[in-house]
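# Summary of structural features
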Amino acid sequence: MGSSYQFAQKLIRTSDSTFAGAFTFEYQKLIDNSTFEYILFPVEFFNKNLETGEDVWVRNYRYFPEDSARRYTHEIIDLEKTHDGGYIMCGSVISADSLQAGSPAQYGYVIKTNCLGFLGDPEAATSYTFGENNTVIFNNESIQAGSYYWDFGDGTFLTTEEDTNAIIHEYTASGIYTVQLIGYGCDGVNDTLTFNINFE
């Protein structure tokens, strides 16, 4: 049993087919008759399709680290689209622990993102394991990319979206293959990772 509280929400239209928005809320879970556990969520920043209401992407940001006491409240003051196609969001955070201790308790924040809601450019990274039936399992460990291009080194290619984390590829012959992974961000910005695998 508990209750949730939603805080300042901002919405802006970003194109003819999408809009961006941000909100934050906290959830108070009743432990016993007089004790609450505060579960505080970060600022959720999202881009949605106007027609379907489906998420194009969703990002979460925190002012305080995950391992803090987490007794704080985010407030979103403004959200605007910038001239480079990115976004800038500002707000404040109030720390209940600091407030009770008589210390500075309110902090301002500004977040500047690119067009995909990321704080920086793509960084391509992956690991792999050998599976059954002549397969290799690639685990996409890249960050800050909206889509990916895979060249498996055997003449086959694949394009995936940002939420596809595991790729299973079958090789038909033994050999050393040069694999290339490209993570794409905004305006053609990309990062390329090239490595060899010895498939036997």
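Everything below is about the structure printed above this text.
Residues numbered from 1 in each chain as written. Predicted model: local features only at pLDDT ≥ 70, side-chain atom pairs only at ≥ 80, totals over all residues. Heavy atoms only, no water.

## Notes on the overall build of the protein chain
When you go through the protein chain residue by residue, the secondary structure sums to one helix and 15 strands. Residues counted as buried form 36% of the 200 residues belonging to the protein chain. By sequence separation, contacts in the protein chain at least 24 residues apart represent 47% of the contacts at least 6 residues apart. When the accessible area of the protein chain is evaluated, it comes to approximately 11,400 Å², of which 49% is carbon and sulfur surface. (Helix = DSSP H or I, 4+ residues; strand = E, 2+ residues; numbered from the N terminus. Buried < 20%, exposed > 50% of the residue type's maximum accessible area, 1.4 Å probe, protein only. Contact = heavy atoms within 4.5 Å. Areas by Shrake-Rupley, 256 points an atom, 1.4 Å probe, with all protein chains shown as cover.)

## A word on unusual backbone geometry
Of note in this structure, Asn133 is not a glycine but carries a positive phi near 55 degrees. When you line up the elements, Asn133 lands in the loop between strand E9 (126–130) and strand E10 (135–140). A positive phi angle is found at Asn134, which is not glycine, with a value near 60 degrees. Note that Asn134 resides in the loop between E9 and E10.

## Considerations on the state of the cysteines
One pass over the full model with this rule turns up one disulfide. The side chain of Cys115 participates in a disulfide bridge whose partner is Cys186; the two sulfur atoms lie 1.9 Å from each other. Measuring handedness by torsion sign, the sulfur bridge of Cys115 and Cys186 sits at about -110 degrees and is left-handed. With Cys115 in the loop between strand E8 (106–113) and E9 and Cys186 in the loop between strand E14 (175–184) and strand E15 (190–199), the pair connects residues that are 71 residues apart, well separated along the chain. (Disulfide = S-S within 2.5 Å.)

## Points about the packing of aromatic side chains
Within the structure shown, the criterion is met by 16 aromatic pairs. Measuring from ring centre to ring centre gives 6.3 Å for Phe19 and Phe46, while their planes differ by 90 degrees; the resulting arrangement is edge-to-face. Residue Phe19 is found in strand E2 (residues 18–30), and its partner Phe46 is found in strand E4 (residues 43–49); the two are separated by 27 residues along the sequence. Overall, Phe19 belongs to the buried group, its relative accessible area being 19%. (Phe/Tyr/Trp six-rings, centres within 6.5 Å; stacked < 30°, edge-to-face > 60°.)

## A word on the environment of Gly91
Within the secondary structure, Gly91 sits in strand E7 (residues 87–95). Setting aside its immediate chain neighbours within four residues, Gly91 contacts Glu75, Ile76, Ile77, Tyr107, Gly108 and Tyr109.

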